[in-house]
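Geometric and topological summary
Residues per chain are reported as follows:
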Amino acid sequence: MLAKGLALGVDNRQIQTAVLADPESDDPVVCPTDANELDAFREEFAGTTLWCGILLGGCGGQLLTRRGNIRVSHFAHFPDPEGLLPECGRRSRGVASADHLYVRAATQTWLRRQGHTPRYRYIDHDDVPVGSLVEIELDGRTLLLHMDPTTTPDWDAAQASDIILGPGVQVDYRTLVRRGYVNRIKFVSEGNQRVMMLGTELPMMGTDWDFELADCTIDEHGRLITPVVTRLKAARAAAERAPVPRPRSEKPEAPVQIGTLIRLINNAVQKEETTTVRELRDTARLQVPRCEGQALEHLQHAIDHANDLLAEQDRVRRRLFASLDEAVRNGHVYKVTTLSPQVRRFLQGDPVTTPQEACILKAADTLLREARQQAAQKRRAADERRAAAAREWERRRAAAAQEQQAQRVTQVQERKARNRARGQVQSITGRLRRETLSAQQQKHLVEELVLAAKEAGDHLSEAEQHKVNEWGKRITALEEPDTTEKTSPAAQPLRDAITGPVRLPDRLVPAVAAVRGALKKAARTRTATSWNRLEQQLGSALPTLTSNERVQVLVQVDRSTAGDEPLLSSLLAAGDPHFAYQYYRHVLTALGLDAPDNDEDLRDVVEADAEQVFTDWHFR
């Protein structure tokens, strides 16, 4: 019994069979194992519920179909509202567990066509698993089907007109010889259904399955008659109709009896019924002393005809068994596979075998069984190799895809880095062109310009590369030995040196308000900015300023900033690293704040302050 504490909502019990519409239904169905076939199955039974049937030995709970990814597709129990799976005591959950229910589906139409009105009953005793015994009532007669190998058949049961054995149900040899035959059934899968096959087992011959359900009938005694049973009854009837030998002292019987015997012999020879021919021939030999004249001539001709057939059959029999024996001893599986059915078909007409022949048949069966097992092992090994190859191919494909993705990411990063470097080149050349700088400042910027141009590489246009080369030549020309500092040719005295805080000119007062408003807007939208962007946004409200004037404007912008709050001007420093390195330190110093000497440390401070500004001004 499964515990209630099994994994919530996950049914690991592989259930392949269910019943339709109702827990007590006897209408079974098999779940397709293939995922694609499961889709068609779901469409076919879209409006029908599936149940763990009572007649299957199930719990009566509702089932659902579960698509298999690693395992095959199967039925599974619905969990209860708390997510727990129901207790289910089904001992068998494979496709064969519903075979006793398929008996009705397979035989009902066939029996009705013969004029019967069948009623089905599935025996359910405490000591007998449900479905072990299936009774089919036919107008006062009863067919009893034994479906469970663990249930021993009661061959003397008075209520059963005929007993039919299911797969694996054994019959002892004495009972088989006494009855002469035993009929059997088995089921094979076709799609999501199970198809019933009938067979007849004869002593020393095994079971013949080589006929269809339509070839069989139910006789007036309620017994199942298969083609094998029909041939067996015909042979027995022929033997019973044969004249009984009489003592020579008795008066010979009428010629009509000899004529009947001759016709029976000729008819049996024509049908090649070896056993019947042998029995009739032996009877005819006993009748030879009673005959004379033309009757003796006809009888002897019939005996010779029978001897010819028996001799030919014996030659064929010896040749078949010799070939089968040789194939078995040499391990020729294909030959044994071909010869074994031929031998068994031959034995249908003459079933009595010698001990040697029985040993050959047993050895052939053993060889074929071992060959099937080896073939199954090879198929499993081949399937495992194919699965391993598929996994390896998938691993390599995933690795290649990952490598390609990494390459694409690297290329994108390199392209972005070069684009940033190109933007830096454009920013530096713009500053060198617009601003009046000292020779030392120009040299510092040109060094950054050369490094940025090298990183940008072929992303620079010819004109941009030409400007970089020109600035490099100009700085080289300005450098002379023993010269500590040279001024820019554009400005001998440094007009734009940063001075200490002074009274802000009146013309810059509007610029302070404009810059403060633009920086507040940038803080609310979480964006850094630059002087170029401010000039584009503010237009005439922000006149062209020198570097010293920019510092003074920013000092006034942050003059009212609380001591525990970051500066709005940090957004300019974050958006323009060159401004941060060259001038932002003067803003911090003018406001009485410490500025790191190292550029990298200053950059970290600027980024932290800008992030804090974004946070403080997000809801203002």
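Residues numbered from 1 in each chain as written. Predicted model: local features only at pLDDT ≥ 70, side-chain atom pairs only at ≥ 80, totals over all residues. Heavy atoms only, no water.

Further remarks concern the confidence of the model for the protein chain. Scored by pLDDT, the protein chain has a mean of 80; 88% of the residues are at 70 or more. Across residues 1–10, where pLDDT falls below 50, the model places 15 contacts with residues more than four positions away in sequence or in other chains. Residue range residues 246–256 is modelled with pLDDT below 50. Its contacts to residues more than four positions away, or to other chains, number four contacts. (pLDDT = per-residue confidence, 0-100. Contact = heavy atoms within 4.5 Å.)

What follows concerns the sheet that holds strand β5 (residues 74–77). As summarised here, the arrangement of the five strands in space is β2-β1-β3-β4-β5, forming an open sheet in which the pairing is antiparallel. Single-partner strands in this sheet number two, and they are β2 (28–30) and β5. The pairing of strand β1 (residues 17–20) with strand β3 (residues 50–51) spans two bridges and is classified as antiparallel. If you follow Val 19 over to β3, its bridge partner there is Trp 51. The strands touched by helix α1 (residues 35–44) are β2, β3, β4 (62–66) and β5; relative to β4, the strand with the most contacts, the crossing angle is about 140 degrees. (Pairing = 2+ DSSP bridges. Helix = DSSP H or I, 4+ residues; strand = E, 2+ residues; numbered from the N terminus. Axes fitted to C-alpha atoms, helices over the stretch in contact; angles between N-to-C directions.)

The next subject is empty space enclosed by the protein. Under the counting rule described, the total for this entry stands at one cavity of 30 Å³ or more. Its volume calculated, the largest cavity comes out at about 90 Å³. Forming the boundary of the largest cavity are 13 residues, of which Thr 107, Trp 110, Leu 143, Ile 164 and Met 196 lie nearest the centre. For the lining of the largest cavity, the secondary-structure elements that each account for two or more residues are α2 (99–113), β8 (141–146) and β11 (193–202). Examining the composition of the lining of the largest cavity, we find that three residues originate from one element, α2, more than from any other. The residue makeup of the lining of the largest cavity, split by class, is twelve nonpolar, one polar and no charged. (1 Å grid on protein atoms, 1.4 Å probe; cavity = no way out; pocket = protein on both sides within 12 Å on 5 of 7 lines; lining within 4 Å. Points joined across faces, edges and corners; volume = space filled by probe spheres on them. Nonpolar A, V, L, I, M, F, W, Y, C, P; charged D, E, K, R; others polar.)

Attention now moves to the environment of Asn 307. Mapped onto the elements of the fold, Asn 307 is located in helix α7 (residues 293–329). Classification of Asn 307 as partly exposed rests on a relative accessible area of 24%. Contact partners of Asn 307, with chain neighbours within four places excluded, come to Arg 281 and Arg 285. (Buried < 20%, exposed > 50% of the residue type's maximum accessible area, 1.4 Å probe, protein only.)

Leftover empty space is mapped by rolling, across the atoms, a probe with the size of a water molecule. Of the volumes computed, that of the largest pocket is approximately 740 Å³. The wall of the largest pocket is formed by 30 residues, among which Thr 275, Gln 348, Gly 349, Asp 350 and Pro 351 lie closest to the centre. With six residues, helix α4 (residues 227–241) is the single largest residue contributor to the lining of the largest pocket. Residue composition of the lining of the largest pocket, by class: 13 nonpolar, eight polar and nine charged.

On to the nonpolar core. With 52 residues, the main nonpolar core has Leu 432, Val 515, Leu 519, Trp 531, Leu 554, Leu 571 and Tyr 584 as its most contacted residues. When neighbours within four sequence positions are excluded, Val 515 is seen to be in contact with Trp 531, Leu 534, Leu 538, Leu 542, Val 553, Leu 554 and Val 557. Among the nonpolar cores identified, the runner-up in size contains 51 residues, and Leu 101, Leu 145, Met 196 and Val 228 belong to it. (Core = buried A, V, L, I, M, F, W, Y, C linked by side-chain atoms within 4.5 Å.)

Once that is clear, we can look at the side chain of Arg 281. Mapped onto the secondary structure, Arg 281 falls in helix α6 (residues 274–287). Leave out the neighbours within four places in its chain, and Arg 281 touches Ile 303, Ala 306, Asn 307 and Leu 310.

Pairs may arise between side chains of opposite charge once their charged atoms sit close together. A complete count under the given rule lists 24 salt bridges for this structure. Salt-bridge contacts for Arg 119 lead to Glu 137; the nearest nitrogen and oxygen are separated by 3.0 Å. Here Arg 119, found in strand β6 (residues 119–122), pairs with Glu 137, found in strand β7 (residues 133–138); they are 18 residues apart in sequence, far enough to count as distant. Among the residues examined, Arg 119 registers a relative accessible area of 52% and is labelled exposed. (Salt bridge = Lys/Arg side-chain N within 4 Å of Asp/Glu carboxyl O.)

Any aromatic ring pair is given by two values, namely how distant the centres are and how the planes are angled relative to each other. The tally for this structure, following the rule as stated, stands at two aromatic pairs. Centre to centre, the rings of Phe 41 and Phe 45 are 4.8 Å apart; their planes meet at 45 degrees, and the pair counts as tilted. Exposure remark for Phe 45: the relative accessible area of 13% places this residue in the buried category. Connected via pairs of aromatic rings, a cluster forms that spans Phe 41, Phe 45 and Phe 75. A cation over a ring is seen here: Arg 474 above Trp 471, with NZ or CZ 4.1 Å from the ring centre. (Phe/Tyr/Trp six-rings, centres within 6.5 Å; stacked < 30°, edge-to-face > 60°. Lys NZ or Arg CZ within 6 Å of the ring centre and 35° of its normal.)

To continue, consider a negative patch on the surface. A surface patch of negative charge is lined by Asp 597, Glu 600, Asp 601 and Asp 604. Assignment of secondary structure puts Asp 601 in helix α17 (residues 599–616). (Patch = residues over 30% accessible without salt bridge, like charges linked within 9 Å, V, L, I, M, F, W, Y side chains within 5 Å. Areas by Shrake-Rupley, 256 points an atom, 1.4 Å probe, with all protein chains shown as cover. Lys, Arg positive; Asp, Glu negative; His and termini not counted. Charge placed at Lys NZ, Arg CZ, Asp CG, Glu CD.)

What follows concerns the state of the cysteines. Considering all chains together, one arrives at zero disulfides under this definition. No disulfide involves Cys 52; its nearest neighbouring cysteine sulfur is the one of Cys 88, lying 3.6 Å away. (Disulfide = S-S within 2.5 Å.)

This brings us to the packing of α6 against α7. Following both chains from N to C, one finds α6 and α7 inclined at 145 degrees, their axes separated by 10 Å at the closest point. The interaxial crossing formed by α6 with α7 has left-handed handedness. Here Thr 274, Val 277, Arg 278, Arg 281, Ala 284, Arg 285 and Gln 287 of α6 lie close against α7, whose contacting residues are Leu 299, Ile 303, Ala 306, Asn 307, Leu 309, Leu 310, Gln 313 and Asp 314. In the contact of α6 with α7, the residues fall into seven nonpolar, four polar and four charged. (Left-handed = near helix turned anticlockwise from the far one by under 90°.)

The subject of this paragraph is the pairing of β7. Burial runs high along β7: five of the six residues are buried. Both β6 and β7 contribute to a ladder of four bridges, which runs antiparallel. By the bridge assignment, Tyr 120 is partnered in β7 with Ile 136. Where β7 and β8 come together, six bridges link them in antiparallel fashion. Within β8, the position partnered with Leu 133 by the bridge is His 146. Counted between consecutive antiparallel strands, the loop separating β7 from β8 contains two residues, among which Asp 139 sits at a positive phi close to 55 degrees.

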